[in-house]
Amino acid sequence: LQDREPLLDIVRYEVWYDKSNLALFESAAATHGIEALSVPTIFLGDLYWVGFDSTVGDQIEDAVEALTEGRVPEETRRTSVDVPFVGAVDVGDRSLIIATALIAFVDGVNPCSFWVLSMLLTLVLHSGSRRRTFAVGSVFLVVTSCLYGLYMFGAYSALDYAEDLSWIRLTVALVAGTFGVLHLKEYVTHRGVSLTISDTKKPGMYKHMRSLARPERSLPAVLGGTVVLAVGVSLAETPCTAGLPLLWTDLLSSRDVSGAGTALLFGIYLLVFLLDELALFAVAVVALRSVKMQERHGRALQLLSGTLMVALALTMVVAPQWLESVIGTAAVFVAAGLVVAAVLTIDRTRARHRPAVTAPRRPQQGR
């Protein structure tokens with residue numbers, strides 16, 4: 001790169017034995033709003049990269065070319081968000097924000113959590129009390145969200161610790177891709193290995209839900225039972241929802257985002273993740289009625305989440321640089337959406353042209 005760009009001045013500093021270079025490293029890192037933790041760390045004007053691989057190399061070349069032409073490349077432009085009482089928080093680039101919102105939204109419409117919450121609200125609504133419905137739904141959402149956040153944070157911490165191991169990235173993509181294939185299998189058939197809540201666990205959940213709906217139970221007892229149910233449901237539905245947050249935490253750990261920015265992105269993910277359940281909850285509290293998810297809706301959600309898991313896993317293995325730009329990120333999600341729309345359209349067309357099957361009439365008995 002130095003030979004091709006004579007105007008570029010590259011200086012290397014050894015920071016392990018040379019304390020003055022270490023001080024310079026810490027000063028430069030502080031200027032860019034990061035900590036001096038790892039080498040190589042590469043600074044180019046207002047831009048920086050921590051670690052190096054082929055993707056970083058391509059980004060550096062693009063940045064040098066863009067700066068030579070007097071423009072800032074989209075892939076390396078940082079984005080700050082103003083947070084009340086905190087100030088400007090760096091959350092990485094725009095592509096990471098968009099990917100966070102889109103992955104969280106698709107993750108939020110998973111059939112497992114949607115089914116459990118809808119059934120719980122349906123039973124509690126028989127009491128006719130908005131206060132009880134609000135209390136039960138709020139406790140259920142808070143507990144499941146906290147446990148989900150802990151799972152995501154644990155995955156993020158492990159992946160961030162092992163971020164320099166390329167085989168870890170490949171393993172994550174393989175695991176998430178396998179989850180995606182199993183979700184696609186669920187769209188076709190429920191036979192074989194399944195990630196959904198098993199039929200053997202559903203009777204126990206029904207029984208626990210019905211006990212919560214008894215009007216003679218005190219509100220503290222109902223809320224305590226809701227906590228127990230939420231914990232059990234979170235453990236039971238983890239395989240159903242693990243793929244997308246695993247891919248997202250892997251994506252986040254591969255970017256250099258500040259601690260405050262990481263916390264803000266976690267908050268954005270969980271908020272968007274809860275949008276569908278909050279809508280269901282609001283309808284139940286305001287109208288005192290619940291929205292039940294039909295089987296065809298659940299199959300469509302399985303198809304959507306499975307397609308996106310496979311698309312993201314393949315992208316992270318074959319072309320991870322696509323997820324480092326807004327256009328590339330949007331292209332991955334649009335491609336997955338088009339595949340889902342095409343499959344649903346084909347299935348609906350086949351269903352309309354499929355001949356109806358009627359049961360044979362029983363012969364009438366003579367007197």
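Residues numbered from 1 in each chain as written. Predicted model: local features only at pLDDT ≥ 70, side-chain atom pairs only at ≥ 80, totals over all residues. Heavy atoms only, no water.

### Regarding the pairing of strand 1 (residues 41-44)
Quick note on the threshold: Whether two strands pair depends on DSSP finding at least two bridges between them. In DSSP terms, a helix is any run of H or I states spanning at least four residues, a strand is any run of E spanning at least two, and both are numbered starting from the N terminus.
Sheet topology places strand 1 next to strand 2 (residues 47-50); four bridges connect them, and they run antiparallel. The residue of strand 2 that forms the bridge with isoleucine 42 is tryptophan 49. Here strand 1 folds back onto strand 2 in antiparallel fashion, the turn holding two residues, of which glycine 45 has a positive phi close to 60°.

### Notes on a negative patch on the surface
Note the threshold: Put simply, a patch holds well-exposed residues, over 30% relative accessible area, that have no salt bridge, with like charges counted together within 9 Å and Val, Leu, Ile, Met, Phe, Trp or Tyr side chains within 5 Å. For accessible areas, the Shrake-Rupley method is used with a probe of radius 1.4 Å. Any residue's cover is judged against the shown protein chains and nothing else. Here, a salt bridge means any Lys or Arg side-chain nitrogen found within 4 Å of an Asp or Glu carboxyl oxygen. This count recognises Lys and Arg as positive and Asp and Glu as negative, with His and chain-terminal groups excluded. Charge placement uses NZ in Lys and CZ in Arg. For Asp and Glu, CG and CD serve respectively.
A cluster of like negative charges, contributed by Asp53, Asp58, Asp62 and Glu65, occupies part of the molecular surface. Structurally, the position occupied by aspartate 58 is in helix 2 (residues 54-68).

### Some points on the environment of aspartate 276
Our working rule: Three labels apply to residues, based on accessible area from a 1.4 Å probe with only protein chains included: buried if under 20% of the type maximum, exposed if over 50%, partly exposed otherwise in between.
Inspection of the secondary structure puts aspartate 276 in helix 11 (residues 275-287). On the basis of relative accessibility, which here comes to 14%, the residue aspartate 276 falls in the buried class. Distance from aspartate 276 to glycine 108, taken between C-alpha atoms, is 6.6 Å for residues 168 residues apart in sequence.

### Thoughts on the packing of helix 3 (residues 94-108) against helix 10 (residues 259-273)
Basically, it comes down to this: Throughout, an axis means a line fitted to C-alpha atoms (over the contacting stretch in the case of helices), and angles, computed between N-to-C directions, take values from 0 to 180 degrees. By convention, the crossing between two helices is left-handed when the near helix turns anticlockwise from the far helix through less than a right angle, and right-handed when the turn is clockwise. We call two residues contacting when some pair of their heavy atoms lies within 4.5 Å. Residues were grouped as follows: Ala, Val, Leu, Ile, Met, Phe, Trp, Tyr, Cys and Pro as nonpolar; Asp, Glu, Lys and Arg as charged; and all remaining residues, including Gly, as polar.
Running from N to C, helix 3 and helix 10 point in directions that differ by 35°, and their axes come no closer than 7 Å. Crossing of helix 3 over helix 10 shows right-handed handedness. Where helix 3 abuts helix 10, its residues Leu96, Ile97, Thr100, Ala101, Ile103, Ala104, Phe105, Asp107 and Gly108 lie against Leu265, Ile268, Tyr269, Val272 and Phe273. Of the residues contributing to the contact of helix 3 with helix 10, the split by class is eleven nonpolar, two polar and one charged.

### Section: the side chain of threonine 144
Topologically, threonine 144 is positioned in helix 5 (residues 130-161). Accessibility expressed as a relative area gives 11% for threonine 144, which makes it buried. Beyond its immediate chain neighbours, meaning those up to four positions away, threonine 144 contacts Ala230 and Ser234.

### Examining the packing of aromatic side chains
What counts is decided by this rule: Ring pairs are drawn from Phe, Tyr and Trp, using the six-membered ring of Trp, whenever the two centres fall within 6.5 Å, and their geometry is named by plane angle: stacked under 30 degrees, edge-to-face over 60, tilted for the rest.
In total, this model carries six aromatic pairs according to the counting rule given. Measuring from ring centre to ring centre gives 6.3 Å for tyrosine 148 and tyrosine 151, while their planes differ by 40°; the resulting arrangement is tilted. Residue tyrosine 148 and its partner tyrosine 151 are both found in helix 5; the two are separated by three residues, about one turn of the helix. Of the residues examined, tyrosine 151 reaches a relative accessible area of 27% and is grouped as partly exposed.

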